[in-house]
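Overview (structure and organization)
What follows is the residue order along each chain.
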Amino acid sequence: MAKDKVAVITGGAQGLGKGIAKRLAEDGFKVVISDMDESALEKVEEEFKSSNYDVSTFKGNVSKPEDQTDLVKHSVDTFGRLDVFINNAGIEGDVAPIVEVEPDSVDMVLDVNVKGVIYGIQAAARQLKEQGEGGKIINACSIAGQEGFEMLSPYTASKFAVKGLTQAAAKELAPDKITVNAYCPGIAGTSMWDRLDEKMMEHMGTKKGEAFEQYAQDIALGRTQEPEDVANLVSFLASDESNYITGQSIISDGGMIFR
């Protein structure tokens, strides 16, 4: 159990982030859930409190360093400390051939998926160093950070960057007993994949749900991912059992990408 420990999850009001937050709350963590969607934050806070979880919410934009700093301060002001910081927030950007990708979409993807992770690492590391007890930083990578995916070039680039950032930060922060790892989800029936499927209909001529089904056929274990599948991995990375693991981007995809 993680009694008295505090975990922060960005992009945690819905989808995989919410599943991660729920699992960590069940593990005994006090959780701080950050998101840009205020109504989603209100709903998740009410839901978690009805389950008697220790929860607080924070509206913030991960691409703004001051918001990441304020998020960590909110964790300390509310629960007294920080132990685990999860850079979960991310966006997919344009789903299109690389020659059609718009500059604004490239900038947005890199702002959230790359800069947001950098700023989250910075804010968390400063607090964890100040506490002097070590801690854990966990980043959202993807199978697209292990292998390039067509129609998702900016997203793929951003997730390869997350893998590199995870390794670099792990080396730098190891002397402070701060581990840095990443989780690489595969195909999940979340709102993000609903959007991807819809955009692929435009560019690939597929019918609704067809692109999702085509990707799902490549999963060795025969089913798409549930939020709990990712949450199980993050739970381990947030626990003391993973104290000797750092700099790794671990795949949890049911058997799609083999590394």
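Keep in mind that this is a model prediction, so the values were computed, not measured. (Residues numbered from 1 in each chain as written. Predicted model: local features only at pLDDT ≥ 70, side-chain atom pairs only at ≥ 80, totals over all residues. Heavy atoms only, no water.)

Turning our eyes to something else, we now look at the UniProt feature "active site" (unreviewed entry) in the protein chain. Sites flagged by UniProt as "active site" (unreviewed entry) map to Tyr155. Its location among the elements puts Tyr155 in helix α5 (residues 153-173). Looking at Tyr155, the relative accessible area reads 10%, which means it is buried. (UniProt positions renumbered as here; feature names shortened; annotations may be inferred. Helix = DSSP H or I, 4+ residues; strand = E, 2+ residues; numbered from the N terminus. Buried < 20%, exposed > 50% of the residue type's maximum accessible area, 1.4 Å probe, protein only.)

A word on the sheet that holds strand β4 (residues 84-87). Spatially, the seven strands line up as an open sheet ordered β3-β2-β1-β4-β5-β6-β7, and their pairing is parallel. With one partner strand each, in any of the chains shown, β3 (55-59) and β7 (249-252) form the two edges of the open sheet. In this sheet, neighbouring strand axes are inclined to one another by 20° on average, regardless of whether the strands run parallel or antiparallel. Helix α1 (residues 15-26) contacts β1 (6-10), β2 (30-35), β4 and β6 (178-185) of the sheet and is inclined by roughly 170° relative to β1. Where helix α8 (residues 227-238) meets the sheet, its contacts fall on β4, β5 (135-140), β6 and β7, and the angle it forms with β6 comes to roughly 170°. (Pairing = 2+ DSSP bridges. Axes fitted to C-alpha atoms, helices over the stretch in contact; angles between N-to-C directions. Contact = heavy atoms within 4.5 Å.)

Helical geometry note: an α-helix holds 3.6 residues per turn, so side chains three or four residues apart project in the same direction. The end-to-end C-alpha distance of helix α3 (residues 65-79), which contains 15 residues, comes to 21 Å, matching closely the 21 Å that a straight helix rising 1.5 Å per residue would cover. Contacts from the buried residues of α3 go to β1, β2, β3, β4 and α4 (103-131). In the stretch just after α3, Gly80 is the one whose phi turns positive, near 95°. (Expected span 1.5 Å × (residues − 1).)

Attention now moves to the packing of α3 against α4. Following both chains from N to C, one finds α3 and α4 inclined at 35°, their axes separated by 9 Å at the closest point. When the axes of α3 and α4 are compared, the crossing they make is right-handed. On α4, the residues touching Pro65, Gln68, Thr69, Val72 and Val76 of α3 are Gly116, Tyr119, Gly120, Ala123, Ala124, Arg126 and Gln127. Taken together, the residues of the contact of α3 with α4 sort by class into six nonpolar, five polar and one charged. (Left-handed = near helix turned anticlockwise from the far one by under 90°. Nonpolar A, V, L, I, M, F, W, Y, C, P; charged D, E, K, R; others polar.)

Another point: the pattern of salt bridges. The final tally for this structure, using the stated rule, is 13 salt bridges. Across the salt bridge formed by Glu45 and Lys49, the nearest N and O atoms sit 3.1 Å from each other. With Glu45 and Lys49 both in helix α2 (residues 38-50) and four residues apart, this pair spans about one turn of that helix. When its relative accessible area of 47% is taken as the criterion, Lys49 is described as partly exposed. Among the ionic pairs, Arg223 bridges to Asp229, the shortest N-O distance being 2.9 Å. Accessibility expressed as a relative area gives 46% for Arg223, which makes it partly exposed. (Salt bridge = Lys/Arg side-chain N within 4 Å of Asp/Glu carboxyl O.)

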